[in-house]
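Summary of structural features
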Amino acid sequence: MKWERFVRPRAYLPGPVGPAPPAPSPAPARPPPAAALDPGVRLPRARTPRRGPTMAKRSSLFIRIVEGKNLPAKDITGSSDPYCIVKVDHEPIIRTATVWKTLCPFWGEEYQVHLLPTFHSVAFYVMDEDALSRDDVIGKVCLTRDTLATHPKGFSGWAHLTEVDPDEEVQGEIHLRLEVVLGTRACRLRCSVLEARDLAPKDRNGASDPFVRVRYNGRTQETSIVKKSRYPRWNETFEFELEEGAAEALCVEAWDWDLVSRNDFLGKVVFNVQRLRAAQQEEGWFRLQPDQSKSRREEGNLGSLQLEVRLRDEMVLPSGCYQPLVQLLCHEVKLGTQSPGQLILLIEETTSTECRQDVATTLLKLFLGQGLAKDFLDLLFQLELGRTSEANTLFRSNSLASKSMESFLKVAGMRYLHGVLGPIIDRVFEEKKYVELDPSKVEVKDVGCSGLHRPQTEAEVLEQSAQTLRAHLGALLSSLSRSVRACPAVVRATFRQLFRRVRERFPSAQDENVPFIAVTSFLCLRFISPAIMAPKLFHLRERHADARTSRTLLLLAKAVQNVGNMDTPASRAKEAWMEPLQPTVRQGVAQLKDFITKLVDIQEKEELDLQRALSLQAPLVKEGPLFIHRTKGKGPLMSSSFKKLHFSLTTEALSFAKTPSSKKSTLIKLAHIRAAEKVEEKSFGSSHVMQVIYTDDAGRSQTAYLQCKCVNELNQWLSALRKVSINNTGLLGSYHPGVFRGDKWSCCHQRDKTDLGCDKTRSRVTLQEWNDPLDHDLEAQLIYRHLLGVEATLREKHRQLSAGPEAGPVLTGPGGGSRQSYLQPRMPHSFWKPPGKRRGTEETPACPQYRLDLNPHGWDFDPAKTHSLPTEITHLVSGLMTLRFLMSHLRKNSVRDKVIAQLRPGQPHHRQVPAILAMVVLQEKVGHKRTVRSQVSVVSTEKRNAQPKG
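Residues numbered from 1 in each chain as written. Predicted model: local features only at pLDDT ≥ 70, side-chain atom pairs only at ≥ 80, totals over all residues. Heavy atoms only, no water.

1. Considerations on the overall build of the chain
- Of the regular secondary structure elements, the chain holds 23 helices and 28 strands.
- A separation of at least 24 residues holds for 69% of the contacts in the chain among residues at least 6 apart in sequence.
- Accessible surface, the chain as shown: approximately 46,000 Å² in total, 51% of it carbon and sulfur. (Helix = DSSP H or I, 4+ residues; strand = E, 2+ residues; numbered from the N terminus. Contact = heavy atoms within 4.5 Å. Areas by Shrake-Rupley, 256 points an atom, 1.4 Å probe, with all protein chains shown as cover.)

2. So, the sheet that holds strand 14 (residues 264-271)
- Strand order in the open sheet made by the four strands is 11-10-13-14, with antiparallel pairing throughout. A single partner strand is all that each edge strand has here, and the edge strands are strand 11 (219-222) and strand 14. Here the average twist between neighbouring strands, direction ignored, is 20°.
- Sheet topology places strand 10 (residues 210-216) next to strand 11; four bridges connect them, and they run antiparallel. If you follow Arg213 over to strand 11, its bridge partner there is Glu222. (Pairing = 2+ DSSP bridges. Axes fitted to C-alpha atoms, helices over the stretch in contact; angles between N-to-C directions.)

3. Examining the pairing of strand 8 (residues 173-181)
- In terms of burial, strand 8 is a largely internal element, seven of the nine residues being buried.
- Where strand 8 and strand 9 (residues 188-197) come together, nine bridges link them in antiparallel fashion. Counted as the bridge partner of Arg177 is Ser192 from strand 9.
- Once strand 8 ends, the chain turns through six residues before running back antiparallel as strand 9.
- Sheet topology places strand 8 next to strand 15 (residues 281-287); seven bridges connect them, and they run antiparallel. Each residue of the ladder has a partner; that of Arg177, found in strand 15, is Glu283. (Buried < 20%, exposed > 50% of the residue type's maximum accessible area, 1.4 Å probe, protein only.)

4. Thoughts on the pattern of salt bridges
- Taken as a whole, this structure holds 42 salt bridges when the rule is applied.
- Between Arg177 and Glu283 there is a salt bridge, and its shortest N-O distance comes to 3.3 Å. Taken together, the residues span a long stretch of sequence, with Arg177 in strand 8 and Glu283 in strand 15 at a distance of 106 residues.
- Residue Asp198 is joined to Arg230 by a salt bridge in which the shortest nitrogen-to-oxygen separation is 2.7 Å. (Salt bridge = Lys/Arg side-chain N within 4 Å of Asp/Glu carboxyl O.)

5. With respect to the nonpolar core
- By size, the foremost hydrophobic cluster in this structure holds 95 residues, and its most contacted members are Phe495 and Ile532.
- Examining the composition of this core, we find that 15 residues originate from one element, helix 7 (residues 400-431), more than from any other.
- Aside from chain neighbours lying at most four places away, what touches Phe495 is Met405, Leu409, Val519, Phe522, Leu523, Leu599 and Val600.
- By size, the runner-up hydrophobic cluster in this structure holds 32 residues, among which are Leu71, Val86, Ile138 and Val765. (Core = buried A, V, L, I, M, F, W, Y, C linked by side-chain atoms within 4.5 Å.)

6. Details of helix 13 (residues 582-599)
- For helix 13, spanning 18 residues, the distance from its first C-alpha to its last is 25 Å, which sits close to the expected 26 Å at 1.5 Å a residue.
- Three or more residues of helix 13 are buried, namely Gln582, Thr584, Val585, Gly588, Val589, Leu592, Phe595, Ile596 and Leu599. End-on, the buried residues of helix 13 take up no more than an arc of 145°, which puts them together on one face. (Expected span 1.5 Å × (residues − 1). Arc of directions from axis to C-beta.)

7. Side note on the sheet that holds strand 7 (residues 155-160)
- In spatial order, the strands read 7-16-1-4-28; together these five strands make up an open sheet with antiparallel pairing. Sheet topology places strand 7 and strand 28 (766-767) at the edges, where each strand pairs with a single neighbour.
- Bridge analysis of strand 1 (residues 56-69) against strand 16 (residues 304-316) gives 13 bridges, and the strand direction is antiparallel. Paired with Ile63 across the two strands is Val309, which belongs to strand 16.
- Packing of helix 17 (residues 776-789) onto the sheet brings it into contact with strand 1 and strand 16, and relative to strand 16 it is tilted by some 105°.

8. A word on the pairing of strand 3 (residues 91-95)
- Strand 3 sits mainly inside the fold: four of its five residues count as buried.
- Hairpin connection, strand 2 (residues 82-88) to strand 3: the antiparallel pair is bridged by two residues, and Asp89 has positive phi, about 50°.

9. Observations concerning the side chain of Arg526
- Assignment of secondary structure puts Arg526 in helix 10 (residues 514-533).
- Separated by 3.3 Å, the side chain of Arg526 and the backbone oxygen of Ser397 make a polar contact.
- Among residues more than four places away in sequence, those in contact with Arg526 are Phe395, Arg396, Ser397, Asn398, Ser402, Glu406 and Ser521. (Polar contact = N/O pair within 3.5 Å; in protein donor to acceptor, adjacent residues only side chain to side chain.)

10. A word on the confidence of the model for the chain
- Summarising the model, the chain shows a mean pLDDT of 77, and 73% of its residues fall at 70 or more.
- Of all helices and strands in the chain, the one with the weakest mean pLDDT is helix 19 (residues 820-823) (30), whereas strand 5 (residues 121-128) scores best (94).
- The low-confidence segment residues 1-52 (pLDDT under 50) makes 110 contacts with residues lying over four places distant or belonging to another chain.
- The low-confidence segment residues 889-893, where pLDDT is below 50, has 14 contacts with residues more than four positions distant or belonging to other chains. (pLDDT = per-residue confidence, 0-100.)

11. A look at the environment of Val212
- Looking at the element boundaries, Val212 is found in strand 10.
- Note on Val212: relative accessible area 0%, which makes it buried.
- Linking Val212 and Lys268, residues 56 residues apart in sequence, is a C-alpha distance of 9.2 Å.
- Those residues within four positions of Val212 in sequence are excluded, and the remaining contacts are Ile174, Val193, Gln221, Glu222, Thr223, Trp234, Val252 and Glu253.

12. Quick look at helix 7
- Over its 32 residues, helix 7 extends only 40 Å from the first C-alpha to the last, a length that falls short of the 46 Å expected when each residue adds 1.5 Å.
- Along its length, helix 7 reaches its greatest deviation from straightness, about 75°, at Gly413.
- In terms of residue burial, helix 7 counts as a mostly covered element, since 23 of its 32 residues are buried.
- Backbone geometry just downstream of helix 7 places Lys432 in the positive-phi region, at approximately 55°. (Bend = angle between axes of the 7 residues up to and from the residue.)

13. Remarks on the packing of aromatic side chains
- Throughout the structure, instances matching the rule amount to 12 aromatic pairs.
- Seen in terms of ring centroids, Phe381 and Phe395 are 5.8 Å apart; in terms of plane orientation they differ by 80°. Their pairing is edge-to-face. Of this pair, Phe381 sits in helix 6 (residues 373-386) while Phe395 sits in the loop between helix 6 and helix 7, and the two are 14 residues apart along the sequence. Just as Phe381 is buried, Phe395 falls in that class too.
- Ring geometry for Phe499 against Phe516: centres 5.2 Å apart, planes inclined by 80°, an arrangement best described as edge-to-face. Residue Phe499 is located in helix 9 (residues 489-505), and its partner Phe516 is located in helix 10; the two are separated by 17 residues in the primary sequence. Both residues of the pair, Phe499 and Phe516, count as buried.
- In textbook terms, an aromatic cluster arises when at least three aromatic residues are bridged by ring pairs, as seen for Phe381, Phe395 and Phe522.
- Here the basic side chain of Arg213 rests over the ring of Trp255, its NZ or CZ set 5.1 Å away from the ring centre.
- For Arg541, the ring lying beneath its charged end belongs to Phe429, and the centroid distance is 4.4 Å. (Phe/Tyr/Trp six-rings, centres within 6.5 Å; stacked < 30°, edge-to-face > 60°. Lys NZ or Arg CZ within 6 Å of the ring centre and 35° of its normal.)

14. Some details on the packing of helix 7 against helix 11 (residues 547-564)
- Look at helix 7 against helix 11: their axes get within 9 Å of each other, and the N-to-C directions meet at 140°. The handedness of the crossing between helix 7 and helix 11 comes out as right-handed. Contacts from Ile424, Ile425, Val428 and Phe429 of helix 7 reach helix 11 at Thr549, Thr552, Leu553 and Leu556.
- Across the contact of helix 7 with helix 11, the residue classes tally to six nonpolar, two polar and no charged. (Left-handed = near helix turned anticlockwise from the far one by under 90°. Nonpolar A, V, L, I, M, F, W, Y, C, P; charged D, E, K, R; others polar.)

15. Overview of the environment of Ala531
- Among the structural elements, Ala531 can be located in helix 10.
- A C-alpha to C-alpha distance of 8.6 Å links Ala531 and Leu417, two positions 114 residues apart in sequence.
- Apart from the residues lying within four places of it in its own chain, the contact partners of Ala531 are Leu417, Leu421, Phe538 and Leu540.

Here's what the structure looks like:
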């Protein structure tokens, strides 16, 4: 796809007026930071062939595994212990928690995976966990990329599990060279089998013994067998005679050789010989396909799986292309409620309930990257308070303010939450006590005996449960009260703004608790309580809670909600059986109010000092225990082992220490990392080992092998390492998934230690986390895509505001100032011309006709025409600015009315509007006595005389 260059509209970008800078030099390989780009820079027009700004296609999958039903029993008890494995192109990336002893499990787990745009399918395997033997496979659901592309809003619903057929479980690619050799008597077909990579492991050692079988026209030839390798190299050539008019295809099959049992199928590639004859030669990597000749068994007898899967493909442009949109939104936030048009409010009104959470998260990350998160949330607080009349309904709806604040706490406060809540959650899971306060749900048989023989009574169960909950609630409130200094400064400053805004809105004495409830509505009800009820979703635990622990967590969350509601009569009357906790709840209310008072008591200087001190430290990305590989001895008798250490990954280095509190030693500098990839299972007998390839201070290539305890931890560490090193120079495109033992690589059996590698690196395959580095270009692209999706609504809003007799914007700057900074009348007049040659140059601008469309018959450009993405962004910003002015002031005697009154019928508006608009603003600013019509007449005559004939 070719992109056309465009001329960026200087008329709509806030900033100082000045002449256009000279054309920039060709763009470097890495785009400059957004702050270094002048919003008024005109991009150079390209000569033939036209070449546009570099772009990157990014794909991501949103996955929600909801639940399963009617699964078959795999255990002798008549039940199963199901969990799910998610594989992308047969690469495991996600493992859900195990739900014990059920045939209808509920997971409710959500993930977002960033992938290469070339992936083919995503598969969900439902497994039954066994303690003493290999896990049983129940069934699978496979969704191809083409299937997901046919569902723009995502696939959602129940899918039947199908049986896992070994002949369909193929993966990998094979490298072939095919050519037709002309001979004196007949043509010959030459097939060279070079190598293969990432073949399916069919043996128990995690490898295969592959060979290739080539079949054509009744003849079969085979390569040699490569033992214990998933990355074999053959370099063998076979020839077949070609018969005129033969319609048979050439079939290349990969097999795993077995001594005792039958050979396992690894995949095949089928070629059309007639096309090969026409092309004469073809070489490349070909994806192995499954054998689909077998009839598929009936679906439905293995149960069903409820899924939500959404594929998102984005074409992300350099930062400069999004500057008009980003600057417009940032300008709105800086102005706050003084903004003339309040585009943030317009975005909220045009956002549906289904996508409000995504929009809120994207906007929040966008403004976090611009350092305006606090101002953005403060603006939302003011908009929410402006339309709220009753204090008891404040921030209770799923508005943009509530969703944005919820995302903000997860992004900025997740580590704080782990410090406050983690020990309490661990204690609940370890104790596993039976806790129940509702008399109608007490089951004495589940409690056991209090003594040797006497079972507990219902009253004893209730009293013991109340004591347990009071202990957990007291410990949580005490931990929260001591955490004021541990709370991030930006979170405290945001709560301070919220507290002040609510107190200004409800200043009466009867509403003295409203500011505290406003803070707790986010801190307790939308942050702490959800984390208590679902600790795995907040990464507080690796597994779901069992039924007994879940009930304890639910009752504890209810108690926290009562404390957060300041023990109102309505909360007490809702569930009367919570009365035994009332003394602790009342004491907790006093503790919580004292905590909030200290939390919001942060001055601007203290906030800056805390942020400055935090900026001097390298931000912690991930930490936890890992096992590092140590080699002992030399030569053929050397042995290896793994030693457990505590690792910490920051934006500067990967460090380790014996314990979390001991002194850390730097293992790898971040700038030296060249790849972070998995190690195949047969190398160390484990499938959870990763390798970090880096260069030491002397420039030599080194490899560190680290072992994780599960597939989730492995992929989380790989994602973190790949994200922080994505911009490193010298990243590898290939690597060895094995280890170099003795005199050869264990993966491909090559003897050259400096060999480039036998498999592709996957630096772009990562998992989405709340603490991910901000991607400004991607967030801007997501906002643009959302606005483009509601373009019809924005056009209708523009039409309604323009059609009314009172409609008409006052083109003034922020706070009622002059519109001069937005107009920039000194800009070249040729900017407003349609495509054509400019005076004094032979180049033709690539942008389509662009005009300030103030007439009520359109938006800002023709949607039926095809535009490039940068041009569409420019037009969208123009339309938003036009709509912004229409929303600002609606007066009869406005600039818009004066401009429209001077438009001459039968002449293009884009030629008239700039001169008329400039003169009208100039007249209002300096108080000219002459009429607008006479000024426009003089200017138009001068411009007509200055233009060349024809």
